[in-house]
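# Residue-level structural notes
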Amino acid sequence: MKPASAAFACFDRLIDSFFRVAAAVIACLLTLPLFSPPARAGAFLPSIQKGTIAVHLDPIATGMSAPDYGFSAPGDTSRLFVVEQKGLLRVIENGVLQPGSALDIQSVVQPPLNAGNANDERGFLGLAFHPGFNDPTSAGFRTLYTYESMPLGTGATYPAPAGATQNYKNAITEWKMSASDPNVVDPASRRDIISFGKNAGNHNGGTIAFGPDGYLYLGTGDGGNANDVGPSHIEPGGNAQNLTAALGKMLRIDPLSPTLNAGSGDPVSPNGQYRIPTTNPFQAPGQVPEIFAYGFRNPYRFSFDTANGQLIVADVGQNTIEEIDRVTLGGNYGWAVKEGDFLFDRSTGTVGPGPGNRSPGSPAGLIDPISGPLGTLEYDHGDGISITGGFVYRGTAIPQLTGKFIFGDLALHGQPVRADGRLFYADLQTGLINEFLLPQFAGGILPNGLTVHGFGQDANGELYVMTTNTPSNGTGGIVYKLAAVPEPAAAALAMMGLALVIKRQRTRLARESANLRHTQHSA
């Protein structure tokens, strides 16, 4: 046999052996009963386990200032527009960060944003392109929208509730792209749409997105502070449960100037800048007609599944539970009666000591986080401190992720400096959350204390992770693109993940067996 032939034969035997072992591991796994990982002592929920899916994070832009969201214009497969919290809109074209910015609103968002404070939740937060952005016949041609914090100025469309002092406002603003430069927003095209007066600096929401119905959606936080209590919070019950407040809600509007769609059956807003869908569910006197759904604490990031139009929200919890919800018209998502599917006490600010007052399905009329036969899409603060929502994966580069909700958590550690963000994937059918395998990093964790501030989605359905380890006036921001781990490394990592699951299962069964023997002996 020739040396080359011998080498190929040896390689073939090695590959055959590899897959025989893989098949044996999988067969062994399939003989084990389904189980939930054991909860930590004093915990509220089982800890999130490492999954079997490995991804590679390709750094496509570095040296940025707290990137927190990314999106592509409809049909634009070459550009990703990235929001920097300090007030810049940047362009990544064909995987390369372009010099300069498409839009600079730093003078608008600073103040109220304290750009040197890594924990400040204000600033430039959201971006959406009109569905007709690339259609010259559409009233939304070259039109985009931003969501940002800004000085109060002449006031807000919706003043802060309860007559509270207004320290700033959050606003949706309309812009037009330059007719001469597709990478530049025309600063003279600005039009104010809707705004919300704020007292507290936190719970600002952050996402604006067009749904499949052509309307623009905005998630608003409950007003800030804690327990849905304090200045700018309505009593009894707080803002999130009160239909006379715009805070703690999912809102829906048609943001185009009513002069551009005179044939619409939707009524014009009181300020004359947008229309309110007639199908919004709360139109009684005193109710906020822009409300689509309610009962949220801080729906910082949400997205629409491009395959089926489902609206998936990651609602940031208080001290205990982070949750993922499927949002429907008129739904009540529980805050501040519940945090996740746990009963919440506004007077104490807790869900009770671990394991907590868990109450799925009760009280009636409240919609709990997404659940399935293997669990509920929620986790406690042993696994993070603030959920960062992402997108349902509909790209082609990583087939194992198709249909799964990709998201993260800001940080595993909150004090004294937030650090060590995490990346997860959730199965929307089974209710199971797993942590990604990140083989390129030591220990499988993000390097250098990076926190996860947001995600991006391009026109091909591929996803991006927005991270930073500096305040928004720093240069620690990195945009990573999710990529597949090259074979055969992915298969080896999957085997390792399966082996880890088996080891944990055996450990749990051994512990249960030992406990049973101890009980029998004691009896």
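The sections below set out a description of the structure shown in this document. Note that the structure is a prediction, hence the values are computed from the model and not measured. (Residues numbered from 1 in each chain as written. Predicted model: local features only at pLDDT ≥ 70, side-chain atom pairs only at ≥ 80, totals over all residues. Heavy atoms only, no water.)

Right, let's talk about the sheet that holds strand 17 (residues 321-327) for a bit. Strands sit in the order 15-16-17-22 across an open sheet of four strands; the sheet is antiparallel. Both edges of this open sheet fall to strand 15 (301-304) and strand 22 (378-380), since each of them pairs with a single strand only. Between one strand axis and the next, the sheet turns by 15 degrees as a mean value, whatever way the strands run. Sheet analysis places strand 16 (residues 311-315) next to strand 17, joined by five bridges and oriented antiparallel. In the sheet register, A314 faces strand 17, and the bridge partner there is I324. (Pairing = 2+ DSSP bridges. Helix = DSSP H or I, 4+ residues; strand = E, 2+ residues; numbered from the N terminus. Axes fitted to C-alpha atoms, helices over the stretch in contact; angles between N-to-C directions.)

It is worth spelling out the nonpolar core at this point. Counting 45 residues, the largest nonpolar core has L57, L89, L144, L401, I406, L423 and F436 as its most contacted members. When near neighbours in sequence (up to four residues on either side) are disregarded, L423 contacts L57, F407, G408, N434, E435, F436, L438, L446, V452, F455 and V465. In this structure, L125, F210, L216 and I276 belong to the second largest nonpolar core, which totals 24 residues. (Core = buried A, V, L, I, M, F, W, Y, C linked by side-chain atoms within 4.5 Å. Buried < 20%, exposed > 50% of the residue type's maximum accessible area, 1.4 Å probe, protein only. Contact = heavy atoms within 4.5 Å.)

This part takes up the pairing of strand 16. Of all five residues in strand 16, five are buried; the element is thus mostly enclosed. Neither face of strand 16 is left uncovered, since the one carrying L311, V313 and D315 and the one carrying I312 and A314 both have all their residues buried. The sheet contact formed by strand 15 and strand 16 spans four bridges and is antiparallel. Paired with R301 across the two strands is A314, which belongs to strand 16. If you look at the hairpin formed by strand 15 and strand 16, you'll find six residues sitting between the two strands, and G309 has a positive phi there, around 80 degrees. Hairpin connection, strand 16 to strand 17: the antiparallel pair is bridged by five residues.

Spatial strand order, 11-12-13-14: four strands in an open sheet with antiparallel pairing. Taken across any chain shown, the strands that pair with only one partner, and hence form the sheet edges, are strand 11 (208-210) and strand 14 (291-294). Averaged over all neighbouring strand pairs, the angle between strand axes comes to 20 degrees, with direction disregarded. Of the strand pairs in this sheet, strand 13 (residues 249-253) and strand 14 are connected by three bridges, and their pairing is antiparallel. In the sheet register, L251 faces strand 14, and the bridge partner there is I291.

Scope: geometric values only; no functional claims are made or implied.
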